[in-house]
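The chain contents come next:
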Amino acid sequence: MTTHTIEFPYTRTLGPVIGPFLTGLRDGHVLGVRNRDGRVLVPPLEWDPATGEAIDVDFVEVGPAGTVETWAWVTEPTRKHPLDHPFAFALIRLDGADTALLHAVDAGSMDRMRTGMRVVARWKDERAGHITDLSFVPEEAA
Amino acid sequence: MTPAATEPDDDNSVKMMDYFMQLEYREPLCPVVRRYADQLLEGRLIGHQCPSCGLVYLPPRGYCPICVVETTDADETVLSDRGTVTNYTVVTPVQYYGQHETEPFVRASVTLDGGNATMNLQDLVDVPVDEVRVGMRVAAVWKPKGERSVADISNRSWGSAEGCIDGWRPTGEPDAPAEQFLGKATF
């Protein structure tokens, strides 16, 4: 058996919306943007997916708690997953947001997961400005 | 609301993201390459000699693509670990990701004594880059038996002995005439 590894070390620019979003994560805030209808999109986008219109960048801080809209339990995480033990990928509508953010919920057990449950951000101590700077835990566990 | 720390023109803001993509493949070695690798660990270079045209393939492929005939263990031949530099390239390394070399180095084709078998992209050792020439006589520098590894041998590493041979060292013998290697294709 032989193993080959191909690596592509890209660096990409983040732009005027994702840059501040990830800067916010580094600094311990979750930011969304408000579209022309007043809805708050999290994660923030440069264009409104409903209309295709450019969004006037108007950041709104949301969370840090939110509600699970749907979820899937990951029984055997791979090394690329955000957590190294079983967890849920969930769509989480953070308080103050009108859309849901896909993120990991560290619930310990699938029995503790349910649609509609409340979760809250758990921040890493050392943050790099990356989506993995946080994950979520059930609110009662926080 | 825009928190002060996230102003886009704040020099401390996050503007770039590393986007590291990694693909890892695992593949079993085909039987003839497995045999080649096992023999490398023993310090032997083996090839298959086509029973039809007589060309030697190193590592063995299990077939001769010219005659379109199968080759088997019965066609196996042990090759010399001495040979002649029949072509070379001086590589001036650019420091792209993954490049560990910092100084110009040579990658040479070495045609083994006794036939056509040629190992490509070989390291030369103990010879300055500007002294390398076609016709130079060289001998394999084997790693000590316990330090050999065939982890980098793949089904496509034609002619490679990486992990078992450190490179090829000039023997000091008179050069072979360069003319005999010109205009030849190697296999």
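In this text, all values refer to a predicted model and were calculated from it rather than measured experimentally.

**Q** What is the right way to read the confidence of the model for chain B from this model?
**A** Any segment with low pLDDT has predicted coordinates that should not be analysed in fine detail. Residues and elements named next belong to chain B. When pLDDT is averaged along chain B, the result is 89, and 93% of the positions lie at 70 or above. For chain B, strand β1 (residues 16-27) is the element with the lowest average pLDDT, namely 88, and strand β10 (residues 137-142) is the one with the highest, namely 97. Between residues 1-8, whose pLDDT stays under 50, and residues either more than four places distant or in other chains, the model counts 22 contacts. Predicted complex, confidence summary: ipTM 0.78, pTM 0.68.

**Q** Is there a simple way to explain the interface of chain A and chain B in this structure?
**A** Accessible area lost upon the coming together of the parts is a frequently used measure of interface size. Taken together, the contact pairs 28 residues of chain A with 28 residues of chain B. Counting residues per element, the ones that place at least two in the side of chain A that touches chain B are β1 (2-13), α1 (15-26) and β4 (59-62) of chain A. Looking at the side of chain A that touches chain B, the element that brings in the most residues is β1 of chain A, giving twelve residues. When its residues are assigned to classes, the side of chain A that touches chain B shows twelve nonpolar, eleven polar and five charged. One ladder, built from twelve bridges, connects β1 of chain A with β1 of chain B; its direction is antiparallel. Within the sheet, the bridge partner assigned to Phe-8 of chain A lies in β1 of chain B and is Met-21 of chain B.

**Q** Would you mind showing me how to read the sheet that holds β4 of chain A here?
**A** In any sheet, the strands associate via hydrogen bonds between backbone groups, in a parallel or an antiparallel arrangement. All names here are of chain A. Taken in spatial order, the three strands of this open sheet run β3-β2-β4, and their pairing is antiparallel. Looking at the sheet topology across the chains shown, the edges are occupied by β3 (40-41) and β4. Relative to β3, strand β2 (residues 30-34) is paired through two bridges, and the arrangement is antiparallel. The residue bridging Val-33 from the neighbouring strand is Leu-41, located in β3. Here α1 sits on the sheet in contact with β2 and β4, set at roughly 150° to β2.

Calculation notes
- Residues numbered from 1 in each chain as written.
- Chains lettered and ligands numbered in written order.
- Predicted model: local features only at pLDDT ≥ 70, side-chain atom pairs only at ≥ 80, totals over all residues.
- pLDDT = per-residue confidence, 0-100.
- Helix = DSSP H or I, 4+ residues; strand = E, 2+ residues; numbered from the N terminus.
- Contact = placed C-beta atoms within 7 Å.
- Nonpolar A, V, L, I, M, F, W, Y, C, P; charged D, E, K, R; others polar.
- Pairing = 2+ DSSP bridges.
- Axes fitted to C-alpha atoms, helices over the stretch in contact; angles between N-to-C directions.

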